[in-house]
Amino acid sequence: MKRILFVLLVGITVVSCEKNTENTMTVSGNIKGLKKGTLYLQQFKDSSLVNLDSLEIQGDGTFSFSEEVAEPEIFYLYLNKKDNNDINDRITFFGEAGNIVINTAWNTFDTNAEISGSKSHEKLLEFYEMNSKFNIKELTLVKQGTAPEMLEDSVALDSIQRLVNQNTISKYRYALNFGLNNGDSYATPYIMMTEAKEANPKYLDSIYKGLTPEVAASKYGKQFKEFLDKNN
């Protein structure tokens, strides 16, 4: 009888470990040039940014964190370099179960981070790379419009304003098309709420209806639905 109970206990333990492994996110990598500092794995919970884990780094920039995740969500790596400067010290990434590798450097921590292993983050990055082109174009046009010679030329200013408006329309059109074509990505509802919430609610509703059941039932899928219900 004792032998049978022991076998059952071992079996339950093995199954439990396998289950936990399936839901485990491992975030590892290297921070080139970092000699000293504290690295934090963070996440927003109940509107507050909380530290899930931390690691004191002394002379070696390699790191590794493990966290149980129910579904793909946004996480952060925050580096306290102990330099009394919080600028450019936080990396945003879409975490999910599996092995995620983040390599960067201490002096360009958030600007040149290379992130791999997360399909959701790949989609987020795909969107951001295209979206940044629209942002750069807008900044360029605005800069042209503030030039001294332009301020005295109303016709030229009107022309630049039209280009700015066209760029804005193109930016939202891209975001909406992205949402319609990526209903199976957990990144989609997050992107719609953070980058396209000013778009026509009718189109946003179409995007929500195109989400897969799994994505619609996710944290950001539910938040997207709440946002639409509140604004329709």
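For the structure given in this document, a descriptive report is provided here. (Residues numbered from 1 in each chain as written. Predicted model: local features only at pLDDT ≥ 70, side-chain atom pairs only at ≥ 80, totals over all residues. Heavy atoms only, no water.)

1. Notes on the overall build of the protein chain
Part 1 of the argument: Of regular secondary structure, the protein chain possesses eight helices and eight strands.
Part 2 of the argument: Per-residue burial for the protein chain yields a buried fraction of 35% across its 232 residues.
Part 3 of the argument: Put simply, of all contacts in the protein chain between residues at least 6 apart along the chain, 59% involve residues at least 24 apart.
Part 4 of the argument: Accessible surface computed for the protein chain: about 14,100 Å², of which carbon and sulfur atoms make up 52%. (Helix = DSSP H or I, 4+ residues; strand = E, 2+ residues; numbered from the N terminus. Buried < 20%, exposed > 50% of the residue type's maximum accessible area, 1.4 Å probe, protein only. Contact = heavy atoms within 4.5 Å. Areas by Shrake-Rupley, 256 points an atom, 1.4 Å probe, with all protein chains shown as cover.)

2. Regarding the sheet that holds strand S1 (residues 24-32)
Part 1 of the argument: A sheet is described by the order of its strands in space; here four strands give the open sequence S4-S1-S7-S8, paired in mixed fashion. This sheet does not close on itself; its edge strands, each paired only once, are strand S4 (62-68) and strand S8 (114-116). Here the strands of the sheet are splayed against their neighbours by 15 degrees on average, with no regard to which way each runs. (Pairing = 2+ DSSP bridges. Axes fitted to C-alpha atoms, helices over the stretch in contact; angles between N-to-C directions.)

3. Topic: helix H5 (residues 187-195)
Part 1 of the argument: Counting buried residues along H5, seven of its nine residues qualify, which places the element largely inside the surrounding structure.
Part 2 of the argument: Among the residues of H5, those classed as buried are Ala187, Thr188, Pro189, Tyr190, Ile191, Met192 and Met193.

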